[in-house]
Each structure stands twice: as structure tokens, then as C-alpha cells.
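# An overview of the molecular structure
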Amino acid sequence: MKKTILMVLAMTALASSATLAQSSFTLKVGASIPTGKFGDATANNGSITRWGLTGRYKEGGAGMGFNIGAEWRFGIKSANGLGIAVSIDGFCNGMNEEISDAFDNILNVAEDEGVYASITKPLYINLPVMAGANYKLDATPNLAVFTTAAAGLNMRIITPIIIKGNEDNYSSTYGTVSTEETMTISYKPTFTFGFKLAAGIEFNNKYTIEVSYYNLGAGKVKTKIEDDYSSSIGNQNSDSERQTLRSITPEIINVRLGIRF
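All figures in this text were calculated on a predicted structure; none of them were measured in a lab.

## A word on helix α2 (residues 97-112)
- A rise of 1.5 Å per residue sets the reference length of α2, with its 16 residues, at 22 Å; its end C-alpha atoms lie 22 Å apart and thus fit the reference within 8%.
- Of all the positions in α2, only Ile-99, Ser-100, Ala-102, Phe-103 and Ala-110 are classed as buried. Looking straight down α2, one finds that the buried residues subtend no more than 160° of arc, so they occupy a single side. Exposed and oriented more than 90 degrees from the buried face of α2 are Glu-97, Glu-111 and Asp-112.

## Here we look at the pattern of salt bridges
- This model, assessed by the stated rule, comprises 11 salt bridges.
- As a salt-bridge pair, Lys-28 and Glu-210 come within 2.6 Å of each other at their nearest N and O atoms. Of this pair, Lys-28 sits in strand β1 (residues 20-34) while Glu-210 is found in strand β12 (residues 207-215), placing the two residues 182 residues apart along the sequence.
- The class of Lys-28 is buried, set by a relative accessible area of 4%.
- You can call Glu-210 buried: its relative accessible area is 2%.
- Salt-bridge contacts for Glu-226 lead to Lys-224; the nearest nitrogen and oxygen are separated by 3.9 Å.
- Since its relative accessible area comes to 25%, Lys-224 is described here as partly exposed.
- In this structure, a network of salt bridges that share partners links the residues Lys-28, Glu-71, Asp-89, Lys-196, Glu-210 and Arg-256.

## So, the packing of aromatic side chains
- Applying the stated criterion across every chain, the model contains six aromatic pairs.
- On the numbers, 5.2 Å between centres and 45° between planes, the contact of Phe-25 with Trp-72 is tilted. Of this pair, Phe-25 sits in strand β1 while Trp-72 sits in strand β4 (residues 62-76), and the two are 47 residues apart along the sequence.
- Relative accessible area serves as the criterion here: at 26%, Phe-25 is assigned to the partly exposed category.
- For Trp-72, a relative accessible area of 34% corresponds to the partly exposed category.

## As for the environment of Phe-66
- Tracing the chain through its elements places Phe-66 in strand β4.
- A sequence separation of 22 residues divides Phe-66 from Asn-44, and the C-alpha atoms of the two residues are 28 Å apart.
- If sequence neighbours within four positions are ignored, Phe-66 has contacts with Gly-30, Ala-31, Ser-32, Gly-90, Phe-91 and Cys-92.

## Brief notes about unusual backbone geometry
- Positive phi outside glycine occurs at Asn-204, with the angle close to 55°.
- For Asn-204, the position within the fold is in the loop between β11 (190-203) and β12.

## With respect to the nonpolar core
- Trp-51, Leu-53, Tyr-124 and Tyr-187 are the most contacted members of the largest nonpolar core, which totals 24 residues.
- Those elements that place two or more of their residues in this core are β5 (82-95), α2, β7 (124-140), β8 (143-158), β10 (175-187), β13 (219-231) and β14 (236-248).
- Here Leu-53 is in contact with Pro-122, Tyr-124, Ile-158, Tyr-187, Val-221, Thr-223, Leu-245 and Ile-248, once residues within four sequence places are set aside.

## Let's talk about the side chain of Thr-148
- Mapped onto the elements, Thr-148 comes out in strand β8.
- By relative accessible area, Thr-148 is classed as buried at 5%.
- Engagement of the side chain of Thr-148 in a polar contact is seen with the side chain of Asn-134, the distance being 2.8 Å.
- Discounting chain neighbours no more than four positions away, the residues touching Thr-148 are Glu-71, Ala-85, Ala-133, Asn-134, Lys-196, Leu-197 and Ala-198.

## Description of the confidence of the model for the chain
- Taken residue by residue, the chain gives an average pLDDT of 89. The fraction at 70 or more is 90%.
- Residue range residues 4-18 is modelled with pLDDT below 50. Its contacts to residues more than four positions away, or to other chains, number two contacts.

Conventions adopted
Residues numbered from 1 in each chain as written. Predicted model: local features only at pLDDT ≥ 70, side-chain atom pairs only at ≥ 80, totals over all residues. Heavy atoms only, no water. Helix = DSSP H or I, 4+ residues; strand = E, 2+ residues; numbered from the N terminus. Expected span 1.5 Å × (residues − 1). Buried < 20%, exposed > 50% of the residue type's maximum accessible area, 1.4 Å probe, protein only. Arc of directions from axis to C-beta. Salt bridge = Lys/Arg side-chain N within 4 Å of Asp/Glu carboxyl O. Phe/Tyr/Trp six-rings, centres within 6.5 Å; stacked < 30°, edge-to-face > 60°. Contact = heavy atoms within 4.5 Å. Core = buried A, V, L, I, M, F, W, Y, C linked by side-chain atoms within 4.5 Å. Polar contact = N/O pair within 3.5 Å; in protein donor to acceptor, adjacent residues only side chain to side chain. pLDDT = per-residue confidence, 0-100.

Structure representation (C-alpha cells):
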């Protein structure tokens, strides 16, 4: 029985080595540019009117971000130029200008009313793992063009929105009373199925320039809103509420440089 298992494992290894040609590893870094509704949001006079993180909308309000990724390519001996590509990426996007300006307006209004406030803005973090096909064509000994199509699983993380406010009020009974209120909007991680399409140029079998499109799948926004209040005279109150909003689809144009090892 043991000999049979060893023989099967040996035959599998030989078949794999006969099928797959030379492999390579490429480290990539570049800009993460949101597109479609993922990059949209609407604000009017400093107030947010359409944004999928606080209302039932599909607009993500994402701004320019960055990407770092790694890709493994395994050539196929029987198909010249064709290979199998496996990749893992990390995307980080903050908020676009409209959302950022709206948050700044909230702080300005609070300051005018004598409230000392601070806001922690959310971030989108997307972590896709994908596998697919890669085709590379050598145009000259030092120049090649390539394309990649792949699909896989994405984990979307949205960091919390945290709004803090502190205010001092005079009371005839207690003198100056300090109050503090913190609102935290947290988001449940979401797993979705997505895909990517990419094309690029490789120089000297070492360096790459790539443009790619990622659609990381529609995932519902599930929130937990917590509101905590306290005062210097001992008053405390805490409320929480859960909501399920609409789906947001991260769509990203990626422009990046790579180095092959």
C-alpha cells in the first residue's frame, strides 16, 4: 500500500514538472484609482447626501490610494508564452475630496458652536487572492508584452468612523460641567468573488509596467453604530444599533511598476 502511494505521488510530481516550465515571482507597487460608483459620492453645502457607508446608496466615496501585490507565474511547456498566474494584492483607499470636505465642514461647525471635535475617517482595504491565465509575447530579446485574466476571492475591510466631541457647560449647581460623546460606526468584513484584467510591458526580463482593472464584487455594507456619552458629574449613557445597507462594489484601475525575481 505504501509503495502504491509513493508511486502515485512520484507520478504526480513528474507530470507537474513535465507540464510546467520555468516559474517567476514579481513584486508590484502602484496607484489604486477608484472608478465607477466606488469613487462616487454626493455632498451638498458640506453635508453628505449620497454615500454608501452611512445611507442606502451604492456610492463608495473612495479616493486615490495605493496598491502592493505579488504574482507568481508558472509557464506551460506545451504552450509557448502561456502560463498560470497566482496573485495576492493589497489595496488601500481613503475618502474622495467630497467626503473629506464634508467631514472638515462638520469639524468647522462644531468649533463654531464651542465643541472640540475630532473625526477618524474610514479606509477601504481590499485583499484579493486570484488565479488565472497569463500570456507573454517576446517582441525583442529585451522587450515583451503580456496580458493576464484571473478571478478569485476578495476580503473587503472598512475601518471605523469615529467622531468625538468634548464640550464645557456652566451649571449653577455643579459649576463647569464637561461632557464627552463618542460615536463609532464600525463595519463587518465582507468576502466577495471578483476578477481582474491586466496588460503590460516587460523590460530586460526584469521590470514591468502594468495597467489593470479589478472588479472585486458587490458586498453589502453591514454596520454597528455605537453612541457613548459621559459627563464630569457621573452621567453616562450608551446606545447601539445595527444596520444592513446596500452593496458597494470596489472597482479599481491599477497602474503599477514591478520587479521580477
